[in-house]
Amino acid sequence: MEILGIDIGGSGIKGAPVNVTTGELLAERYRLETPQPSTPAAVVATVAEVVQHFNWKGPIGCTFPAVVKQGVVYSAANVDESWIGTNGQKLITQQTNCPVILLNDADAAGMAEMALGAGRGQSGVVIMITFGTGIGSAIFCNGVLLPNTEFGHLVIRGRDAEDRASDRVRQEALLKWKKWARRVNEYLGHMERLFSPDLFIIGGGVSKKHEKFLPLLTTKAAVVSAQMLNEAGIIGAAIAAKPLLA
Ligand code: BGC
């Protein structure tokens, strides 16, 4: 029950073999910088390097930071625009000679948290939001995912939410935690008015520093940090690829 999980992000491409029953990483995570420009050929070559690093020959679950349907990429907010219309799943399969499932990064992270982390056993409406280069979203109703929700692009004060409240913006604009948390509260408040969730799970790179901002969040719904921190993408990608084992 081992699958190689790979998480393609706007800044890094990370992977590790995962025990998909326990969610345990079976080797130390390997990370390479995302090539710039992040064209399909350059990104797929980097993914292949990660696969080679583990000398991997089995199934692969891989995330991508965009809308992905049946392996085809339909958006490109934080990657090169030439990805739009590209069948990323097919390209990675051809390059690695391994069976591959490609899916949205936040959907993968959410699947990992629902199966083995902060959302385990949670019924009702759970919303996972990842704060990284962009803002990713995954919504579950009684454990079932509604894929490709893209709520990082909700418009707030005339701008994409992720251009105001992503972790990249926090770092680039040198925002203090209090100021960033105000933006996050405004964003989560919008989400709350639209979806009345029972639980928010906060993931992405910033979840490592949850003690800095979680106490500043003021949603009515419970809000918790992702338990798998930044590894949820790798673990969720591997879990999503379980059908390849059959
Ligand atoms: C993309 C999403 C992605 C999120 C997090 C957004 O810009 O549109 O597909 O999940 O960033 O990477």
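Residues numbered from 1 in each chain as written. Predicted model: local features only at pLDDT ≥ 70, side-chain atom pairs only at ≥ 80, totals over all residues. Heavy atoms only, no water.

S.K.: Before we move on, can you summarise the side chain of Ser225 with the specific residues and values?
M.R.: Locating Ser225 in the fold gives a position in strand E14 (residues 222-225). Each residue touching Ser225, except ones within four places of it in the same chain, is listed here: Ala118, Ile201, Ile202, Ser207, His210 and Leu214. (Helix = DSSP H or I, 4+ residues; strand = E, 2+ residues; numbered from the N terminus. Contact = heavy atoms within 4.5 Å.)

S.K.: Please give an account of the sheet that holds strand E2 (residues 12-19) that cites residues and values.
M.R.: Read across the open sheet, the five strands follow the order E3-E2-E1-E4-E7; overall the sheet is mixed. Edge positions in the open sheet fall to strand E3 (30-33) and strand E7 (100-104), since each of these has one partner strand only. On average, adjacent strands in this sheet sit at an angle of 20° to one another, irrespective of strand direction. Here helix H1 (residues 40-53) sits on the sheet and contacts strand E1 (2-8), E2, E3 and strand E4 (60-64); the angle it forms with E3, its principal contact strand, is near 155°. (Pairing = 2+ DSSP bridges. Axes fitted to C-alpha atoms, helices over the stretch in contact; angles between N-to-C directions.)

S.K.: How would you explain the domain arrangement of the protein chain if you had to name every residue and give the values?
M.R.: Looking at the assigned domains, one finds that the protein chain contains domain 1 (2-107 + 232-245) and domain 2 (121-228). Averaged C-alpha coordinates put domain 1 and domain 2 at centres separated by 23 Å. Facing the 13 residues of domain 1 at the interface are 15 residues of domain 2. Summing both partners gives a buried area of about 1000 Å² for domain 1 against domain 2, and 52% of it is carried by carbon and sulfur. A per-residue breakdown of the area domain 1 buries against domain 2 is headed by Asn78, Ala106 and Asp107, which together make up 47% of the total. If you look at where domain 1 meets domain 2, you find zero salt bridges. Seen at the junction of domain 1 and domain 2, the total is three residue pairs in polar contact (both at pLDDT 80 or more). Class assignment for the residues of the side of domain 1 that touches domain 2 results in seven nonpolar, four polar and two charged. (Domains from an automatic or database assignment. Buried area = accessible area lost by both parts, 1.4 Å probe. Salt bridge = Lys/Arg side-chain N within 4 Å of Asp/Glu carboxyl O. Polar contact = N/O pair within 3.5 Å; in protein donor to acceptor, adjacent residues only side chain to side chain. Nonpolar A, V, L, I, M, F, W, Y, C, P; charged D, E, K, R; others polar.)

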